[in-house]
Amino acid sequence: MSIRKCLFPAAGYGTRFLPATKAMPKEMMPIVSKPLIQYGVEEAMTAGMREIGIVTGRGKRAIEDHFDKSYELENQIAGTGKENLLAEITEIIARCRFSYTRQVEMLGLGHAILVGEGLVGNEPFGVILADDYCVASPDSVMQQMVKIYEKYQCSVVAVEEVSLSRVSRYGVIDGVERDGVFRVSSMVEKPRPESAPSQLAIIGRYILTPDIFEILRKISPVSGGELHITDALNVQARNGGVIGLKFSGSRFDCGGLDGFVAATNYTYDTLKMKSGV
Ligand code: UTP
């Protein structure tokens, strides 16, 4: 069965971008002229996912407005040279179905995914964290992951090799490489460099089997009440249910300034090159 649904946890406060994110969702920050979350939805679509579930929170209404018609604006620019600027988003709205749910308390990524259960139901699904902006060709990162899911029929996490000094920002996997993928035996959330099982960090792309919801309901929250998705994935990994894919392509961590500026420069240069300017 192909994967139809993709969940976008987008409830986080985005405190690293304050004051920009005081009244505006981090996911709406533009890389050149397109908001981060639109790139994410486009990536989901390349992987055949047309049912888009977004976990939002307070102050995130702009996301819903973005994936909706804007009659006044469309009327205003109809017949002008600007019409084509809305072509991509119009096509996305026509081809996808969007549904939303709210995470009332920010209790971590695992909790946000559990809140999304009602949008997903009992089937495997993709997860995209829009602040990880991925560029890959010919297959998008999510397309590469779907191919792995089709082969192994279990959860898949996208991993990237990071320097030892950065492992403490990520979930880091332990596992053996076979046939070009990693059979994940366990993973550690934000390890200290000296205790990291590898330098393979999980980035914001997952394919999850639906048993993850039951696991998330059972695991204990960490201090502060947060539910870590890595704790739930660890349960699946113990049963051989998680594959790590070292994807081909580049990822920009747009949750922080450096990655955001690098993504902006990269995209601007690419667009300029394409338009021959
Ligand atoms: P981050 O921790 O990177 O996002 O969560 P943040 O909290 O928005 O950013 P900072 O650290 O304050 O700047 C990773 C992803 O998980 C989502 C976020 O929206 C982001 O896409 N998330 C995180 C939730 O949806 N709910 C949560 O409770 C936590």
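What counts, and at which threshold
Throughout, a residue's number is its position along its own chain's written sequence, starting from 1. Predicted model: local features are reported for residues with pLDDT of at least 70 only, side-chain atom pairs are reported and counted for 80 or more only, and whole-chain, interface and lining totals are derived from all residues. Computation of side-chain values: all heavy atoms of the structure, hydrogens and water removed. In DSSP terms, a helix is any run of H or I states spanning at least four residues, a strand is any run of E spanning at least two, and both are numbered starting from the N terminus. Two things to know: the radius of gyration comes from C-alpha atoms, and the globule rule equals 2.2 Å times the number of residues to the power 0.38. Type-normalised accessible area, obtained with a 1.4 Å probe on protein chains alone, sets the label of each residue: buried when under 20%, exposed when over 50%, and partly exposed for intermediate values. By definition, residues are in contact when any of their heavy atoms lie within 4.5 Å. Throughout, the Shrake-Rupley method with a 1.4 Å probe supplies accessible areas, and for residues the shown protein chains are the sole cover considered. Counted as positive: Lys and Arg. Counted as negative: Asp and Glu. His and the chain ends are not counted at all. Note on charges: their place is set at NZ of Lys, CZ of Arg, CG of Asp or CD of Glu. Note on definitions. A residue lies near a molecule or strand when any single heavy atom of the residue is within 4 Å of it. Polar contacts here mean pairs of N or O atoms no more than 3.5 Å apart (in protein, one a potential hydrogen donor and the other a potential acceptor; neighbouring residues in sequence count only if both atoms are side-chain atoms). Each residue is assigned to one class: nonpolar for Ala, Val, Leu, Ile, Met, Phe, Trp, Tyr, Cys and Pro, charged for Asp, Glu, Lys and Arg, and polar for all the others, Gly among them. Buried residues of nine kinds, namely Ala, Val, Leu, Ile, Met, Phe, Trp, Tyr and Cys, make up a nonpolar core once their side-chain atoms join them within 4.5 Å. Salt bridge, as applied in this entry: a Lys or Arg side-chain nitrogen positioned within 4 Å of an Asp or Glu carboxyl oxygen. What makes two strands pair is DSSP finding at least two bridges between them. Under this scheme, a helix contributes an axis fitted over its contacting stretch, all axes are lines through C-alpha atoms, and angles between N-to-C directions fall in the 0 to 180 degree range. In this scheme, roughly parallel covers angles under 35 degrees and roughly antiparallel covers those over 145, while 65 to 115 is roughly perpendicular and the rest are oblique. By the definition used in this description, the sense in which the near helix is turned from the far one sets the handedness, with an anticlockwise turn below a right angle giving left-handed and a clockwise turn giving right-handed. Expected span of a helix, by definition, is 1.5 Å for each gap between consecutive residues, and there is one gap fewer than residues.

Colleague: Quick question: what am I supposed to make of the overall build of the protein chain here?
Modeller: Of regular secondary structure, the protein chain possesses ten helices and 13 strands. Compactness check: the protein chain gives a C-alpha radius of gyration of 19 Å against a globular reference of 19 Å for 277 residues, within 12% of the reference. Principal axes of the C-alpha set define a box for the protein chain whose edges measure 60 × 40 × 40 Å. Counting every position in the protein chain, which comprises 277 residues, the buried fraction comes to 49%. Long-range pairs, those at least 24 residues apart, make up 76% of the contacts in the protein chain with a sequence separation of at least 6. Per element, the accessible surface of the protein chain, about 13700 Å² overall, is 51% carbon and sulfur. Of the side-chain charges in the protein chain, 31 are positive and 33 negative, and the distance between the mean point of each set is 1 Å.

Colleague: Is there a simple way to think about the site of the ligand in this case?
Modeller: If you check the shell around the ligand, you find 18 residues, and the closest are Gly12, Thr15, Arg16, Gln103 and Gly108. A distance of 3.3 Å separates an oxygen atom of the ligand from a polar backbone atom of Leu107. When the ligand is considered free in solution it has 570 Å² of accessible area, and contact with the protein chains removes 80% of it. Element by element, the count of residues in the shell around the ligand is highest for helix 5 (residues 108–115), at three residues. Split by residue class, the shell around the ligand holds nine nonpolar, five polar and four charged.

Colleague: Mind showing me how you'd approach the nonpolar core here?
Modeller: With 38 residues, the main nonpolar core has Phe8, Ile37, Val41, Ile52, Ile54 and Phe67 as its most contacted residues. Elements that contribute at least two residues to this core include exactly strand 1 (5–9), helix 1 (36–46), strand 4 (51–56), helix 4 (87–95), helix 7 (141–152), strand 8 (155–161), strand 11 (200–208) and strand 12 (242–246). Here the element with the most residues in this core is helix 7; it accounts for seven residues. Those residues in contact with Val41 that sit more than four places away from it in its chain are Phe8, Ile52, Phe67, Ile92, Cys96 and Phe98.

Colleague: How do you make sense of the pattern of salt bridges when you look at a structure like this?
Modeller: If charged atoms from side chains of opposite charge come close, those side chains can pair. Following the criterion strictly, the structure yields 18 salt bridges and no others. Between Lys5 and Glu123 there is a salt bridge, and its shortest N-O distance comes to 3.4 Å. Here the residue Lys5 occupies a position in strand 1, and Glu123 occupies one in the loop between helix 6 (117–120) and strand 6 (125–128), the gap between them amounting to 118 residues. We note that Lys5, like Glu123, is buried.

Colleague: How should the pairing of strand 12 be read in this particular structure?
Modeller: Consecutive side chains of a regular strand alternate in pointing toward one face of the sheet and then the other. The buried count for strand 12 comes to four of five residues, which makes it a mostly enclosed element. With five bridges connecting them, strand 8 and strand 12 associate as parallel partners. The residue of strand 12 that forms the bridge with Val157 is Gly244. Sheet topology places strand 10 (residues 181–189) next to strand 12; two bridges connect them, and they run antiparallel. Its bridge partner lying in strand 12, Phe182 is registered against Gly244.

Colleague: Is there a simple way to think about unusual backbone geometry in this case?
Modeller: A negative phi angle characterises most non-glycine residues, just as the trans form characterises most peptide bonds. Pro19 follows Leu18 through a cis peptide bond whose omega is 5 degrees. Mapped onto the secondary structure, Pro19 falls in the loop between strand 1 and strand 2 (30–31). Residue Pro138 is bonded to the preceding Ser137 through a cis peptide linkage, with omega at 5 degrees. Positionally, Pro138 belongs in the loop between strand 7 (132–135) and helix 7. Although it is not a glycine, Asp179 sits at a positive phi angle of roughly 50 degrees. Mapped onto the elements, Asp179 comes out in the loop between strand 9 (171–178) and strand 10.

Colleague: So what exactly am I meant to see when it comes to the packing of helix 1 against helix 4 here?
Modeller: Two quantities define a packed helix pair, namely the angle between the helix axes and the distance between the axes. Interhelical geometry of helix 1 versus helix 4 gives an angle of 50 degrees and a closest axis separation of 11 Å. With respect to helix 4, the axis of helix 1 lies oblique. Viewed along their axes, helix 1 and helix 4 form a crossing whose handedness is left-handed. Residue-level contacts link Gln38, Val41, Glu42 and Met45 of helix 1 to Glu88, Ile89, Ile92 and Arg95 of helix 4. Taken together, the residues that form the contact of helix 1 with helix 4 break down as four nonpolar, one polar and three charged.

Colleague: Sorry if this is basic, but what is going on with helix 7 here?
Modeller: In an α-helix, one turn spans 3.6 residues; hence positions three or four apart end up facing the same way. If you check helix 7, its first and last C-alpha atoms are 17 Å apart, about what twelve residues at 1.5 Å a residue would give, namely 16 Å. Val141, Met142, Gln144, Met145, Val146, Ile148, Tyr149 and Tyr152 are the residues of helix 7 that are buried. A positive phi of about 55 degrees marks Gln153, the residue just after helix 7.

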